[in-house]
Amino acid sequence: MRKGTVKVKRGLAQMLKGGVIMDVTNAEQAGIAEDAGAVAVMALEKVPADIRAAGGVARMADPAKIQEIMDAVSIPVMAKVRIGHFAEAQILEALGVDFIDESEVLTPADEQNHIDKHKFKVPFVCGARNLGEALRRIAEGAAMIRTKGEAGSGNIVEAVRHMRLVMGEIRRLKGMREDELYYAAKELQAPIDLVREVAKLGRLPVVNFAAGGIATPADASLMMQLGADGIFVGSGIFKSSDPEARARAIVEATTHYDDFELLAEISKGIGEPMKGIDIRQLSEKELLQVRGV
Amino acid sequence: MKVGVLALQGDVAEHLSAMKRAIRGRGDVIAVKKAEQVEELDGLVIPGGESTTIGKLIQKYDIDKAIGARPELAIFGTCAGAILLAKEIEGYKQFSLRLMDIAVARNAFGRQRESFEVDLEIPVLGEKPFHAVFIRAPIITRAGRDVEVLAKVDDAIVLARQGRYLACAFHPELTRDTRLHRYFADIAAGNL
């Protein structure tokens, strides 16, 4: 009997496909997410929009808060650690969380090194803006990738940019001769064996979700049509006027992303979405996506 | 023969691919999202995923009613799918199709860090062990008189059959071994 293998780590991510993972900050929100049909919850002290507003250093949540959420639901519970902060990750693994997000939403602890994720039995998800970032994270042991988008913005534009970049670069690799892959690996700053694997498979070797700015059922459909395997919704649910209705609608929209008559029904009367931010109004130093590349 | 894979949530693509390899030349495999698609099937696979999520979507789109109207339909549930076949789910009030006379315990081996791979003896598939991947897996804690137990991990039942229904706690779709998918296709075709 072997535990913590690559297969069981990547396998849990495969079981989440076609589903929605929701940010929650307490047991009550976790229950709402589970009742709406979330496949997992991300346990946080503050949703990204509030982290952005609060400023200061954002760290791993209080383990008591995460435990409260683990006790409240039967679906997998994820939690975030700072980029490179392997001690926070060791603590979350000991606590028993099901997935760790090494996340740019928290303030990075290491500006050079990410966590060596191979050393853990618990799987990790990491953000990426392009194929090179995704493959570097997979090389470090990530069992799942998500687009970074721009967390807490309520604006889909960055998630779209990142998903199109990742998928476009995969399509480009697929069309290459084998002797061209070495230079592609150099350009991508990614290991050649992973570049070869992506060229052969025509997709990432791990599950790839969309994240960072999803606020409506139409946003979820857009990201699924662009090739996402599933959806993370951070601030988009509990910063909207009717979280229950919106959570249910985004779950259904993720399943039926290509049935537009049904999407029209699903999108009706679910209240006001979160307000959101025009990304061009943010300065470079306010962007979360540039952390940990 | 036509086999569907319920495509509401979970590792649908893996099951579609495994089933296509298993029944190559014997029939078609389709992704099922709508109740009306259930009418044309000989077999239905309910994949791994989150049983609470899949259960809600089954009810929302009346797929439970379409399955209820087809008592002759063969069904293969893996992990979440096995939970959805069970008459009883220990400790949780959640939806299930209640088609098999079994009780299941969810996440019976513990949280994700306890997920594992193991070689399993499955006599109905032959002597060669089956490499089984268990992810936050359930176990079958009670099997009724008409239920045939096909495999165990220690004392826990992890594979069982009742007539045209097959419940599996692990994920055969995550390996290259298609023997269990072929076994189910034989049930769906009426050969077993």
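Values in this document were obtained by computation on a predicted structure and should not be read as measured data.

Novice: Would you explain the overall build of chain A in this entry?
Specialist: From N to C terminus, chain A includes 13 helices and 9 strands. Computed over its C-alpha atoms, the radius of gyration of chain A comes to 18 Å, within 12% of the 19 Å expected for a compact globule of 293 residues. Its C-alpha atoms give chain A principal-axis dimensions of roughly 55 × 45 × 45 Å. Expressed as a percentage of the 293 residues in chain A, the buried residues total 61%. Considering only residue pairs separated by 6 or more positions, chain A has 67% of its internal contacts joining residues 24 or more positions apart. For chain A, the distance from the average site of its 38 positive side-chain charges to the average site of its 42 negative ones is 5 Å.

Novice: Looking at this structure, how should I read helix 1 (residues 12-22) of chain B?
Specialist: Helical geometry note: an α-helix holds 3.6 residues per turn, so side chains three or four residues apart project in the same direction. If you check which residues of helix 1 of chain B are buried, you get B:Val12, B:Glu14, B:His15, B:Leu16, B:Ala18, B:Met19 and B:Ala22. Its buried side turned inward, helix 1 of chain B meets helix 1 (6-15) of chain A together with strand 1 (2-6), strand 2 (28-32), strand 3 (43-46), strand 4 (74-78) and helix 6 (179-188) of chain B.

Novice: What is the right way to look at the packing of aromatic side chains in this model?
Specialist: Each aromatic ring pair is summarised here by two numbers: the centre-to-centre distance and the angle between the ring planes. All names here are of chain B. Per the stated rule, a full pass over the model turns up 8 aromatic pairs over all chains. Geometrically, the ring pair formed by Phe76 and Phe184 is tilted, given 5.3 Å between the ring centres and 35° between the ring planes. Taken as a pair, Phe76 in strand 4 and Phe184 in helix 6 lie far apart in primary sequence, 108 residues in all. For Phe184, a relative accessible area of 0% puts it in the buried group. Ring-pair connections join several aromatic residues into one group, and the members of that group are Phe109, Phe116, Phe130, Phe134 and Phe170. Across from the ring centre of Tyr92, 4.8 Å away, lies the NZ or CZ of Arg106, which sits over that ring.

Novice: Mind showing me how you'd approach the sheet that holds strand 3 (residues 40-43) of chain A here?
Specialist: In any sheet, the strands associate via hydrogen bonds between backbone groups, in a parallel or an antiparallel arrangement. Residues and elements named next belong to chain A. Here 8 strands make up an open sheet; going across it, the order is 8-7-6-5-4-3-2-9 and the pairing parallel. Two strands bound the open sheet, and with one partner strand each, they are strand 8 (207-209) and strand 9 (231-233). Averaged over all pairs of adjacent strands, the angle between their axes in this sheet comes to 30°, without regard to strand direction. Here 3 bridges tie strand 5 (residues 99-103) to strand 6 (residues 124-128), and the two strands are oriented parallel to one another. Residue Ile100 lies in a different strand from strand 6, and its bridge partner there is Phe124.

Novice: What am I meant to see in the sheet that holds strand 8 (residues 130-134) of chain B here?
Specialist: Taken together, the 3 strands give an open sheet; going across it, the order is 1(A)-7(B)-8(B), and neighbouring strands pair in antiparallel fashion. The strands lining the two open edges of the sheet, one partner per strand, are strand 1 (2-3) of chain A together with strand 8 of chain B. Bridge count for strand 1 of chain A against strand 7 (residues 116-120) of chain B is 2 bridges, and the pairing is antiparallel. Within the sheet, the bridge partner assigned to A:Arg2 lies in strand 7 of chain B and is B:Glu117.

Novice: Could you clarify how one ought to interpret unusual backbone geometry in this entry?
Specialist: A negative phi angle is the norm for most residues apart from glycine, just as the trans form is the norm for most peptide bonds. Residue and element names in this part refer to chain B. Even without being a glycine, Asp62 presents a positive backbone phi close to 60°. Structurally, Asp62 can be placed in the loop between helix 3 (51-60) and helix 4 (63-68). Looking at Asp62, the relative accessible area reads 36%, which means it is partly exposed. For Asp154, which is not glycine, the phi dihedral falls at a positive 50°.

Novice: Can you help me understand the packing of helix 1 of chain B against helix 6 of chain B in this one?
Specialist: Any two packed helices are characterised by the angle at which their axes cross and by the distance between the axes. Residues and elements named next belong to chain B. Relative orientation of the contacting elements helix 1 and helix 6 amounts to 70°, with a least axis distance of 9 Å. One way to sum up the angle between helix 1 and helix 6 is to call them roughly perpendicular. Two packed elements cross with a definite hand, and for helix 1 against helix 6 that hand is right-handed. Along the contact surface, helix 1 presents His15, Ala18, Met19 and Ala22, while helix 6 presents His181, Arg182 and Phe184. In terms of residue class, the contact of helix 1 with helix 6 is built from 4 nonpolar, 2 polar and 1 charged.

Novice: Explanation requested: the side chain of A:Glu158 in the structure shown.
Specialist: Residue and element names in this part refer to chain A. Mapped onto the elements of the fold, Glu158 is located in helix 7 (residues 157-174). Here Arg161 takes part through its side chain, which lies 2.7 Å from a polar atom of the side chain of Glu158. A polar side-chain atom of Glu158 sits 2.9 Å from a polar atom in the side chain of Gln289. Apart from the residues within four sequence positions on either side, Glu158 is in contact with Gly149, Glu150, Ile279 and Gln289.

Novice: Please clarify how the side chain of B:Asp11 should be interpreted in this entry.
Specialist: Structurally, B:Asp11 is set in the loop between strand 1 and helix 1. No salt bridge is formed by the buried B:Asp11; the nearest opposite charge belongs to A:Lys17, separated by 6.8 Å. Setting aside its immediate chain neighbours within four residues, B:Asp11 contacts A:Gln14, A:Met15, A:Lys17, B:Pro47, B:Gly48, B:His171, B:Glu173 and B:Leu174.

Novice: I tried to follow helix 8 (residues 181-188) of chain A on my own but got confused; where do I start?
Specialist: Residue and element names in this part refer to chain A. Every buried residue belonging to helix 8 is among Leu181, Ala184, Ala185 and Leu188, and all of these are buried. Down the axis of helix 8, the buried side of the element spans an arc of 100°, and every buried residue falls inside it. In helix 8, the exposed residues that point more than 90 degrees away from the buried face are Tyr183 and Lys186. Residues of helix 8 that are buried make contact with helix 6 (131-139), helix 7 and helix 9 (192-201).

Novice: Explain the confidence of the model for chain B here, please?
Specialist: Note: predicted coordinates in regions of low pLDDT should not be interpreted at a detailed level. Per-residue pLDDT for chain B averages 97, and the proportion of residues at 70 or more is 100%. Under the prediction, the complex receives an ipTM of 0.97, its pTM being 0.97.

Novice: Please explain the packing of helix 4 (residues 63-72) of chain A against helix 5 (residues 86-95) of chain A as it appears in this structure.
Specialist: Residues and elements named next belong to chain A. As a packed pair, helix 4 and helix 5 sit with axes 11 Å apart at the nearest point and diverge in direction by 35°. In the crossing of helix 4 with helix 5, the sense of the turn from one axis to the other is right-handed. For the pair formed by helix 4 and helix 5, the contact residues are Pro63, Ile66, Gln67 and Met70 on the first element and Ile91, Leu92 and Leu95 on the second. Tallied by class, the residues present in the contact of helix 4 with helix 5 amount to 6 nonpolar, 1 polar and no charged.

Novice: Can you help me understand the environment of B:Tyr165 in this one?
Specialist: All names here are of chain B. Within the secondary structure, Tyr165 is located in strand 12 (residues 165-168). Considering only alpha carbons, one finds Tyr165 and Gly77, 88 residues apart in sequence, at a separation of 8.0 Å. Each residue touching Tyr165, except ones within four places of it in the same chain, is listed here: Pro71, Leu73, Ile75, Leu99, Met100 and Ala160.

Calculation rules
Residues numbered from 1 in each chain as written. Chains lettered and ligands numbered in written order. Predicted model: local features only at pLDDT ≥ 70, side-chain atom pairs only at ≥ 80, totals over all residues. Heavy atoms only, no water. Helix = DSSP H or I, 4+ residues; strand = E, 2+ residues; numbered from the N terminus. Rg over C-alpha atoms; globule rule 2.2 N^0.38 Å. Buried < 20%, exposed > 50% of the residue type's maximum accessible area, 1.4 Å probe, protein only. Contact = heavy atoms within 4.5 Å. Lys, Arg positive; Asp, Glu negative; His and termini not counted. Charge placed at Lys NZ, Arg CZ, Asp CG, Glu CD. Phe/Tyr/Trp six-rings, centres within 6.5 Å; stacked < 30°, edge-to-face > 60°. Lys NZ or Arg CZ within 6 Å of the ring centre and 35° of its normal. Pairing = 2+ DSSP bridges. Axes fitted to C-alpha atoms, helices over the stretch in contact; angles between N-to-C directions. Parallel < 35°, antiparallel > 145°, perpendicular 65-115°, else oblique. Left-handed = near helix turned anticlockwise from the far one by under 90°. Nonpolar A, V, L, I, M, F, W, Y, C, P; charged D, E, K, R; others polar. Polar contact = N/O pair within 3.5 Å; in protein donor to acceptor, adjacent residues only side chain to side chain. Salt bridge = Lys/Arg side-chain N within 4 Å of Asp/Glu carboxyl O. Arc of directions from axis to C-beta. pLDDT = per-residue confidence, 0-100.

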